[in-house]
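Observations on chain architecture
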Amino acid sequence: MNKGLLSRIRQFAFKSTEELDFSNMVQDPWPPRFKSSLEKFLLLYRKSEGEEALYFSSFEWLREFKNLATRNEIRKIIEDWIETNHFLFSNASKEWPLDVTGYRVWNWISMFDFYGVSARDEFKNKLKRSLSEQFAFLKKNLHTISDAVVKFRALKGMFGYLFITGQEFMPFIKELEKLLGLIFLEDGGHVSRNARLHLLFLRDLIDIRTIFASRKGIEIHTLNKKIRQLASVVRLLRHSNGVVASFEGNYATKNDFNLRSENFNNASLVDACLSLANVGSDFLMSAEMTGYMRFAYPSNVCIVSTRLSQANKSASLGVFNFEWSFKQDIIFQDVKSFITTNKNYFYSIAHDPKAQRSSSKECDFLALEIEASDIIYKREMDIANGCIKAQDKIQIQESGRFVLQFMLGANVEVVQCDKVVTFHAGDKLQLFRLQVLSASKLFYNEADHSIIVSCSVEAQKELNIKWGVAVL
């Protein structure tokens, strides 16, 4: 086909009927999350596949360069994306996942002040046509979305577009309120129980509230309430080094294009979210419905999962998991339990455990219990400043093994592993000691950077194992 004719067809087919006014959009408030040169970033961008490719296509990374003089390069990337992924020449069901498209629309609009103000009219017209096209795609397919996370992200992009075109929010506000009522629990937690997803939802809700507040006549009381509740849960899930916990709950992080980014979860983003949430000093120590408890002291924080987690498809039980941080380091990024018979059958759990918490002047006490037809598992934990003492009691129908796996933080290095494990972390090489009684095996597994505790369990006979970790 003649190039000139093709160009006229495209201009006719995708001419926007709305007037896009980018000057109305509030500036993106979120801090860059990683330091990288654009050259190195582009190498990753061009090689990306699967979930990583979705992250790049969402343009969530735009803010990483907003403080740098890279406007021309950024505009070239956006132009390349438009040319390569134009609706006429792509299979939209593959190339335009609705959550990725929602984020892309929002990011192009919210970051326009950075990359687009100084651009030529030709670029601005291409951008406007593409945004109009993507919005129409989102609007057409919104009712087909069954996944709540995908639908929420699609709505966010639509709100950004409606805002700069001066269109009515109301039909879609009702859709948002309905969605939030379905996916958030009464204590403010998200039904997924994924700790990092809570942070991402908080950021997105703050973005949406900002544009709602800029439009007269829109009531944001419900949104303020949800942000206040969600911020309290994020505070509960926050470690001593400022990042949120890594619990996956019922939503696998590896399947989310944005949460997979190693740089997503950092202290500066958490600070910004809690500051912009502007919710005062609300602070939860327990979110029973979401299923997490926080134990905080001057130097360390312990966060315990008190409900069954189902995202982890490994053989672990998915109960009693906890994370422990000391000052600027995550010491245990996850502690998992496994129970298997001698015939290599792994036990699983079908319901949530019972949890009971109490406190004294010296420490906090937590009792957890799960009881089923073929397994009884109880844990008692004394948690204090700088130490945890615990006792696990296990009884199963057939002889087998009980395994505890202490997943170590990235900055932790094992010094000695014998009957007692000594390890250190941080710039000042703070020493820690893990001691276990009644363990038949205790070793460091270099492959996944974890400490393994393994004990044999006799059929219908209670195993009682005591263990503890302390700062030296």
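Above this text you will find the structure in question.
Heads up: these notes are all about the structure in this document. Everything quoted here is computed from the prediction, not taken from an experiment.

Below, the discussion takes up the pairing of strand 7 (residues 364-371). Sheet topology places strand 6 (residues 354-359) next to strand 7; six bridges connect them, and they run antiparallel. Counterpart to Ser359 in the pairing with strand 7 is Asp364. In textbook terms, the turn of a hairpin is the stretch between consecutive antiparallel strands, and for strand 6 and strand 7 this stretch comprises four residues. Both strand 7 and strand 8 (residues 375-384) contribute to a ladder of eight bridges, which runs antiparallel. Opposite Leu368, over in strand 8, you have Arg379 as the bridge partner. Linkage of strand 7 to strand 8, two consecutive antiparallel strands, is achieved through a turn of three residues.

On to the sheet that holds strand 6, then. Ordered by their spatial adjacency, eight strands build an open sheet running 6-7-8-9-16-13-12-11, and the pairing between neighbours is antiparallel. Strand pairing shows two members of the sheet lacking a second neighbour, strand 6 and strand 11 (412-417), which therefore form its edges. Along the sheet, successive strands turn relative to each other by an average axial angle of 15°, direction set aside.

The phi angle at Asn344 is positive, at roughly 65°, despite the residue not being glycine. Summarising the element assignment, Asn344 is placed in the loop between strand 5 (329-341) and strand 6. Its identity as a non-glycine residue notwithstanding, Gln460 has a phi of 55°, on the positive side. Relative to the elements of secondary structure, Gln460 occurs in the loop between strand 15 (450-457) and strand 16 (463-471). Overall, Gln460 belongs to the exposed group, its relative accessible area being 54%.

We now examine the packing of aromatic side chains. All told, the structure shown has 32 aromatic pairs when counted by the stated rule. Seen in terms of ring centroids, Phe169 and Phe212 are 5.2 Å apart; in terms of plane orientation they differ by 40°. Their pairing is tilted. Here Phe169 is found in the loop between helix 9 (148-165) and helix 10 (170-183), whereas its partner Phe212 is found in helix 11 (residues 195-213), with 43 residues between them in sequence. Neither Phe169 nor Phe212 differs from the other in exposure class; each is buried. Arranged with centres 5.4 Å apart and planes meeting at 80°, the rings of Phe184 and Phe201 form a pair that is edge-to-face. With a gap of 17 residues between them, Phe184 in the loop between helix 10 and helix 11 and Phe201 in helix 11 connect regions that are remote in the sequence. Residue classification places Phe201 among the buried residues on the basis of a relative accessible area of 3%. An aromatic cluster of at least three residues, connected via ring pairs, comprises Phe322, Trp324, Phe326, Phe332, Phe406, Phe423, Phe432 and Trp467.

Burial analysis of strand 4 (residues 322-326) places five of its five residues in the buried class, which makes it a mostly covered element. Across the two faces of strand 4 the burial is the same, with Phe322, Trp324 and Phe326 and Glu323 and Ser325 all buried. Direction of pairing for strand 4 relative to strand 5: antiparallel, over a ladder of three bridges. Along strand 5, the bridge assignment pairs Trp324 with Phe332. Adjacent in sequence and paired antiparallel, strand 4 and strand 5 are bridged by two residues, among which Lys327 carries a positive phi angle near 50°.

With the rule as written, the count across this model stands at three cavities of 30 Å³ or more. Approximately 80 Å³ is the volume attributed to the largest cavity. Forming the walls of the largest cavity are Ile173, Leu176, Glu177, Leu180, Phe212, Ile218, Glu219, Ile220, Thr222 and Leu223. Sorting the residues of the lining of the largest cavity by element identifies helix 10 and helix 12 (221-236) as the ones contributing at least two each. No other element matches helix 10, which puts four residues into the lining of the largest cavity. By volume, the second largest cavity amounts to about 40 Å³. Around the second largest cavity sit Tyr103, Val149, Phe152, Arg153, Leu197, Leu200, Phe201 and Asp204, which together line it. Where the lining of the second largest cavity is concerned, the elements lending two or more residues are helix 9 and helix 11. Sort the elements by how many residues they give to the lining of the second largest cavity and helix 11 lands first, with four residues. Classifying every residue of the lining of the second largest cavity by side-chain character gives six nonpolar, no polar and two charged.

Among the nonpolar cores identified, the biggest contains 87 residues, and Trp61, Trp108, Tyr115, Phe159, Leu202 and Phe212 are the most heavily contacted of them. For this core, the element with the highest residue contribution is helix 9, accounting for eleven residues. Not counting residues within four places of it along the chain, the set of residues in contact with Tyr115 comprises Leu62, Arg71, Ile74, Arg75, Ile78, Trp108, Phe123 and Leu127. Of all hydrophobic cores here, the second largest spans 50 residues; its members include Val304, Phe332, Ile339 and Phe423.

Over its 18 residues, helix 9 extends 26 Å from the first C-alpha to the last, a length consistent with the 26 Å expected when each residue adds 1.5 Å. Burial analysis of helix 9 places 17 of its 18 residues in the buried class, which makes it a mostly covered element. In this structure Asp147 caps helix 9, since a side-chain oxygen of it lies 2.9 Å from the backbone nitrogen of Val149. Just past helix 9, the residue Gly166 takes up positive phi, approximately 70°.

Axis separation between helix 6 (residues 98-110) and helix 8 (residues 121-141) bottoms out at 10 Å; the angle between their running directions is 145°. As for how helix 6 packs across helix 8, the hand of that crossing is left-handed. Of the residues in helix 8, those touching helix 6 at Leu98, Thr101, Gly102, Arg104, Val105, Trp108 and Ile109 are Leu127, Ser130, Leu131, Gln134, Phe137, Leu138 and Asn141. Residue composition of the contact of helix 6 with helix 8, grouped by class: eight nonpolar, five polar and one charged.

Quick notes on the rules
- Residues numbered from 1 in each chain as written.
- Predicted model: local features only at pLDDT ≥ 70, side-chain atom pairs only at ≥ 80, totals over all residues.
- Heavy atoms only, no water.
- Pairing = 2+ DSSP bridges.
- Helix = DSSP H or I, 4+ residues; strand = E, 2+ residues; numbered from the N terminus.
- Axes fitted to C-alpha atoms, helices over the stretch in contact; angles between N-to-C directions.
- Buried < 20%, exposed > 50% of the residue type's maximum accessible area, 1.4 Å probe, protein only.
- Phe/Tyr/Trp six-rings, centres within 6.5 Å; stacked < 30°, edge-to-face > 60°.
- 1 Å grid on protein atoms, 1.4 Å probe; cavity = no way out; pocket = protein on both sides within 12 Å on 5 of 7 lines; lining within 4 Å.
- Points joined across faces, edges and corners; volume = space filled by probe spheres on them.
- Nonpolar A, V, L, I, M, F, W, Y, C, P; charged D, E, K, R; others polar.
- Core = buried A, V, L, I, M, F, W, Y, C linked by side-chain atoms within 4.5 Å.
- Contact = heavy atoms within 4.5 Å.
- Expected span 1.5 Å × (residues − 1).
- Polar contact = N/O pair within 3.5 Å; in protein donor to acceptor, adjacent residues only side chain to side chain.
- Left-handed = near helix turned anticlockwise from the far one by under 90°.

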